[in-house]
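A closer look at the structure
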There are 2 protein chains.
Amino acid sequence: MTPAITVPTLILDEHKVRRNISRMVDKVKGLDIAFRPHFKTHQSAAVGEWFREAGVEKITVSSLRMAAYFAKAGWKDITNAFPVNIREMDLINQLAGDINLQLIVENTEAIEALRQQLQHPVHLFIKLNAGNNRTGLPPTNIDEITTIVQRIEEAEKLSFAGFLGHAGQTYQARGKEEIARIHEASLNSLNPVVDHFRADYPDLLFSYGDTPSGSTSNAFPGVDELRPGNFVFYDLTQATIGSCTLEDIAVAMACPVVSKHPERREIVVYGGGVHFSKDRLERNGVTTFGQPVRWTADGWEVIDDGISYVRKLSQEHGVVGVSPALFREITIGDVLGIVPVHSCMTADLMKAYQTMEGTSISMLTYM
Amino acid sequence: MTPAITVPTLILDEHKVRRNISRMVDKVKGLDIAFRPHFKTHQSAAVGEWFREAGVEKITVSSLRMAAYFAKAGWKDITNAFPVNIREMDLINQLAGDINLQLIVENTEAIEALRQQLQHPVHLFIKLNAGNNRTGLPPTNIDEITTIVQRIEEAEKLSFAGFLGHAGQTYQARGKEEIARIHEASLNSLNPVVDHFRADYPDLLFSYGDTPSGSTSNAFPGVDELRPGNFVFYDLTQATIGSCTLEDIAVAMACPVVSKHPERREIVVYGGGVHFSKDRLERNGVTTFGQPVRWTADGWEVIDDGISYVRKLSQEHGVVGVSPALFREITIGDVLGIVPVHSCMTADLMKAYQTMEGTSISMLTYM
């Protein structure tokens, strides 16, 4: 790594990012499904341009502030895949006046607030619970869903766009077969209610998608639009699930080495919970917060020896257990590369990227 | 809560913060030990002023960038309690020219780099492993420690300040007796080596301190300086350890309620891993990411019914399981207060506070 690295820095391999984007774009095109990638992972207007160059025109975000950031960067068709927060009505109105805005609802209270306060048209998706039990109406609640559709249709500035589901439970899968099983069960649970309403609303869209099924499945019956997000970078979690290989991971933290402890064969790096986040992963029978890499001429190779991994993170410290060979190889003052457990959380904390070529790439900040 | 809350906001109860500060100041004064509180929890120049008003003049930080921030805010005596990162020599030189700077070392490589590149005097503490096995030399390695002391003494711009220990393993304790047991064992393991060097260096300082022992113990034999940090806010972890009561927790997240799920008796709030961090805690037999509060006329009361707690966090969502009474009480669009598991990590993510009176308080940012 370049001597310019002085503090924990999130390195981005532009080649891998563009490859991850084009693979997904080509795949979704082949399935004849609309593509609306989730931008919550990279949160960067510059990375967004790489999607635009690959033909993407519609995007998903996870907050209205993120929508405002990307609207400013020229995106005109944005879905905020988070239940309407009626306390942000001012920002909803501002965005709805500027872009084609899709929001998601799952209760009549939000629709009533929108009905009373909206100044511009908004398209509403109804969130269905795809089985991960986070948000969404149970797909069996036909009566409640019918009521919500009616309330949307009654409101002057609202239109019913369709249904939206996210099978986040695929993150519990290990291996492609298990992803496929969960994916099939999720779609089987949602398609009956979607079909029920298609009779009266032939133009409704069924928007769906998570990175594990988006990366591994070729069967999306009934789905009109796909919204995976993490695939842009992938991470150690996705490699462990089976969504990608370790080689597909497109970001790595560069962390200065500050200490070596031979009695525990541990390296201490400058790089802690405020850089990686505290997301953890069960992998190779241990709990890990990241896995070291070896820098190469044009990138890095993940070290997957079953011994070397980030054992602990505190606020600024990362404690990395390593193999005897790696322990000998690493010197105080080196920069150790580490692929993160969860790239969305790490990127959100780091607030910037540096490419392998040394270019700085900025991200959304709330400052 | 005020209607001004539109997005997740970190609320700070100034009265509680000032009370936590003055309690610790009075206690340390009573013990006749120097006080050098750690500012990594609040990371705020404004909160720093409340310490200054309580008579504090020396501080601890966890990064050089944090040291630079507080130096700019007028702090002239700062210890960076993180092993020297030789890649930040420029910032070390800049700070050492401006303030009284203490750094910590645990290897000869760092000392050699400092010897060659330092332009201004720096005081070095040698980090000892107090038993938490993160950083620090084993206190039994007298020969290695002797070598390091000699190397420090040989370098023109370096001076040997003493030893620094942090018994982070008190965070594993549950109850004051267990804290006391760990605290005593830690000091028993460090005092022999400190005493060994006191013979030749009578002015050396033994700097020590973690919030659990700092909050509950009155016995710090051999300790010259105390460095607790988290006590300024405390959090659900410290209350569970036994360092404080739930009433002492001085920060709470204010999160808009966006969804209610009667079938699971769960509330979904706008407030996820990018706001709270993903730090987790075993409490009341479950894994939790925070605990709800009831707002009162001048603050909040933590709801500790054994049922209501944050069950899951994803990027922007918090899923809060609640009692039947609380479920009935909460309406879509309300602002649910939640005390965080780990206030240091939550504050670091939020990058700002809002007092109960609506005043905004800024923090360190790297932008």
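See above for the structure.
Remember, predicted model here, so these are calculated numbers, not experimental data. (Residues numbered from 1 in each chain as written. Chains lettered and ligands numbered in written order. Predicted model: local features only at pLDDT ≥ 70, side-chain atom pairs only at ≥ 80, totals over all residues. Heavy atoms only, no water.)

Some words on helix α2 (residues 45–53) of chain B
In an α-helix, one full turn covers 3.6 residues, which means residues spaced three or four apart are oriented alike. Residues and elements named next belong to chain B. Spelled out, the test is: Relative accessibility under 20% of the residue-type maximum defines a buried residue, over 50% an exposed one, and the middle range a partly exposed one, all with a 1.4 Å probe and only protein chains included. For helices the rule is a DSSP run of H or I covering at least 4 residues; for strands it is a run of E covering at least 2, with both sets numbered from the N terminus onward. As used here, the arc is the angular range of directions from the helix axis to the C-beta atoms. Polar contact criterion, stated in full: a pair of N or O atoms within 3.5 Å, where within protein one must be able to donate a hydrogen and the other to accept it, and residues adjacent in sequence count only if both atoms are side-chain atoms.
Those residues of α2 that sit buried are V47, G48, W50 and F51. End-on view of α2: buried residues confined to an arc of 150°, all on one side of the axis. The backbone nitrogen of A46 lies 3.2 Å from a side-chain oxygen of the residue at the head of α2, namely S44. One or two positions beyond α2, positive phi appears at G55, with a value near 100°.

What to know about the relation of the copies chain B and chain A
Filter applied, for reference: When the copies are superposed, the least-squares fit takes in the C-alpha atoms of residues with a pLDDT of at least 70 in both. In this analysis, two residues are considered to be in contact whenever any of their non-hydrogen atoms come within 4.5 Å of each other.
By a simple turn and slide, chain B fits onto chain A: the slide is 0.0 Å along the axis, the RMSD is 0.0 Å, and the turn is 180°. Each copy turns onto its partner about a two-fold axis. Judged by C-alpha distance, K278 of chain B is the residue of chain B that lies nearest the rotation axis, at 2.6 Å. Here 100% of the interface residues in chain B have copies in chain A that are interface residues too; the copies meet face to matching face.

Comments concerning the packing of aromatic side chains
How we decide: Each aromatic pair joins two rings of Phe, Tyr and Trp (for Trp, the six-membered one) with centres within 6.5 Å, and gets the label stacked for planes under 30 degrees apart, edge-to-face for over 60, and tilted for any other angle. Placement of a positive charge over a ring is assigned whenever Lys NZ or Arg CZ falls within 6 Å of the ring centre and within 35 degrees of the normal to the ring plane.
The tally for this structure, following the rule as stated, stands at 26 aromatic pairs over all chains. Ring geometry for Y69 of chain A against F70 of chain A: centres 4.8 Å apart, planes inclined by 80°, an arrangement best described as edge-to-face. Residue class for F70 of chain A comes out buried when judged on its relative accessible area of 0%. Between W295 of chain B and W300 of chain B, the ring centres sit 6.2 Å apart and the planes meet at 85°, which makes this aromatic pair edge-to-face. A relative accessible area of 22% means that W295 of chain B is categorised as partly exposed. What links up through ring pairs into an aromatic cluster is the set F35, F39, F51, Y69, F70, W75 and F231 of chain A. The ring of W75 of chain B is capped by R52 of chain B, whose NZ or CZ atom sits 4.1 Å from the centre of that ring. Its guanidinium or amino end placed over the ring of F327 of chain B, K260 of chain B lies 4.5 Å from that ring's centre, counting from NZ or CZ.

Examining unusual backbone geometry
Note: most residues except glycine have negative phi, and most peptide bonds are trans. Residues and elements named next belong to chain B. For R265, which is not glycine, the phi torsion reads 45° and is therefore positive. Within the secondary structure, R265 sits in the loop between β10 (251–261) and β11 (266–270). A positive phi angle, close to 65°, is found at K351, a residue other than glycine. Examined against the element boundaries, K351 turns out to sit in the loop between α12 (343–350) and β19 (352–355). Its relative accessible area of 15% is what places K351 among the buried residues.

Let's talk about the side chain of T346 of chain B
Residues and elements named next belong to chain B. Relative to the elements of secondary structure, T346 occurs in helix α12. A distance of 2.9 Å separates a polar atom in the side chain of T346 from the backbone oxygen of F276. Apart from residues lying up to four places away in sequence, T346 is in contact with L10, M253, H275, F276 and P340.

Some details on the interface of chain B and chain A
So the rule is basically this: For any pair of parts, buried area is found by adding up, for both, the accessible area (1.4 Å probe) each one loses once the two are put together. Whenever a carboxyl oxygen of Asp or Glu lies within 4 Å of a side-chain nitrogen of Lys or Arg, that contact is scored as a salt bridge.
Taken residue by residue, the interface counts 64 residues in chain B and 64 residues in chain A. Roughly 5,200 Å² is buried in total at the junction of chain B and chain A, and carbon and sulfur atoms are behind 54% of that figure. On the chain B side of the contact with chain A, R87, R134 and Q315 of chain B bury the most area, a combined 15% of that side's loss. For the interface between chain B and chain A, the tally reads 2 salt bridges. Residue D279 of chain A pairs with K278 of chain B through a salt bridge whose shortest N-O separation is 2.8 Å.

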